[in-house]
Amino acid sequence: MEERKGIVFNIQHFSIQDGTGIRTTVFLKGCPLRCTWCANPESQQIYPELTYVKKSCINCKSCLANDPDGIVSLDDAGNVQVNPACAKKEHVAHYGAVCPAEAISVMGKEMTVAEVLHKVEQDEVFYRHSYGGMTVSGGEPLSQADFTEELLRKAKEKGIHTAIETTGFAPYPVVKRIYTHLDQIITDIKLMDDEKHKYYTGVSNELILDNFRKMRKDFPDIPVLVRTPVVPGVNDNEEEIGAIHDFVSGFPGVRYELLKFHRLGEPKYQGLGRIWEHENAELDDELYQKLVERYSL
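Basis of the calculations
Residues numbered from 1 in each chain as written. Predicted model: local features only at pLDDT ≥ 70, side-chain atom pairs only at ≥ 80, totals over all residues. Heavy atoms only, no water. Helix = DSSP H or I, 4+ residues; strand = E, 2+ residues; numbered from the N terminus. Rg over C-alpha atoms; globule rule 2.2 N^0.38 Å. Areas by Shrake-Rupley, 256 points an atom, 1.4 Å probe, with all protein chains shown as cover. Lys, Arg positive; Asp, Glu negative; His and termini not counted. Charge placed at Lys NZ, Arg CZ, Asp CG, Glu CD. Phe/Tyr/Trp six-rings, centres within 6.5 Å; stacked < 30°, edge-to-face > 60°. Buried < 20%, exposed > 50% of the residue type's maximum accessible area, 1.4 Å probe, protein only.

Draft legend 1. Up close: the overall build of the chain. Along its length, the chain carries ten helices and twelve strands. For the chain, the C-alpha radius of gyration of 20 Å lies close to 19 Å, the compact-globule estimate for 297 residues. By its C-alpha atoms, the chain is 60 × 50 × 35 Å across when sized along the principal axes. Carbon and sulfur atoms provide 50% of the accessible area of the chain, an area that totals close to 14500 Å². Across the chain, the centroid of the 34 positively charged side chains sits 4 Å from that of the 45 negatively charged ones.

Draft legend 2. Representation of the packing of aromatic side chains in the model. For the coordinates displayed, the defined rule picks out nine aromatic pairs. Ring centres of Phe-212 and Phe-251 lie 5.1 Å apart, and the angle between their planes is 80°; on these two criteria the pair is classed as edge-to-face. Placement of the pair is Phe-212 in helix H7 (residues 206–218) and Phe-251 in the loop between helix H8 (238–248) and strand S12 (254–260), with a sequence separation of 39 residues. Overall, Phe-251 belongs to the buried group, its relative accessible area being 19%. Measuring from ring centre to ring centre gives 5.3 Å for Phe-247 and Phe-251, while their planes differ by 65°; the resulting arrangement is edge-to-face. Among the aromatic residues, those joined into a ring-pair cluster are Phe-212, Phe-247 and Phe-251.

Structure follows, in structure tokens:
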């Protein structure tokens, strides 16, 4: 039987923010949410995509001569311009191969479970000494449910501590079968107001909250960390953060952590030929610290 394959866009070694100890974080492509502040926009589509880093371009024009989708042009000064968002799926690998400077590159690679675990096991010495392990993140790992389940199951068979970073947005039977293979759950709740949640993420939060309730009933012994990114103009106030705090504090074994809004994802939108909606947003440091001190669990 052919081994399960998934689309991976990054494997980050020596991670210290994605669960206990030192971890290897496997980032999978595909997410049903479209959070306007998403720091990993390259993770949203489940298929490989192109990204273009203009500062890496050497203006050799190799891409111009190999441009089946017409995504390459020249500006008035004769410099190469690339619109990666217009590349067809079937030509993504082609474009990724024609740029000698790798200014045009492919985000997302098909890998087998065995290939991913081989890279994860390279860090095994760090796990033993730090009580770390493997974290599956994204995107949304539940979007590649079969691959995620097999990856977690085989990691557990090898004695590797397993964690997931997830929105919890999937049918509960999918959530339940994947959580069976976990030692730690990291999930995010962004807003309690359903209309706001729809506006800023593109989906209702009803499934997310209902899955959270069911998860705590079915897996009471798995430690859970809930995170909320504090985004200016979205949820940077006591009403929104307080409502999330009140919800999660009603469940035993749950920690609550606030994440500070940052701009690290902004260049990624440019590379994908997309617009970032929070270009001028700034989070008030004093307000953020006040929220952290009052609502962290």
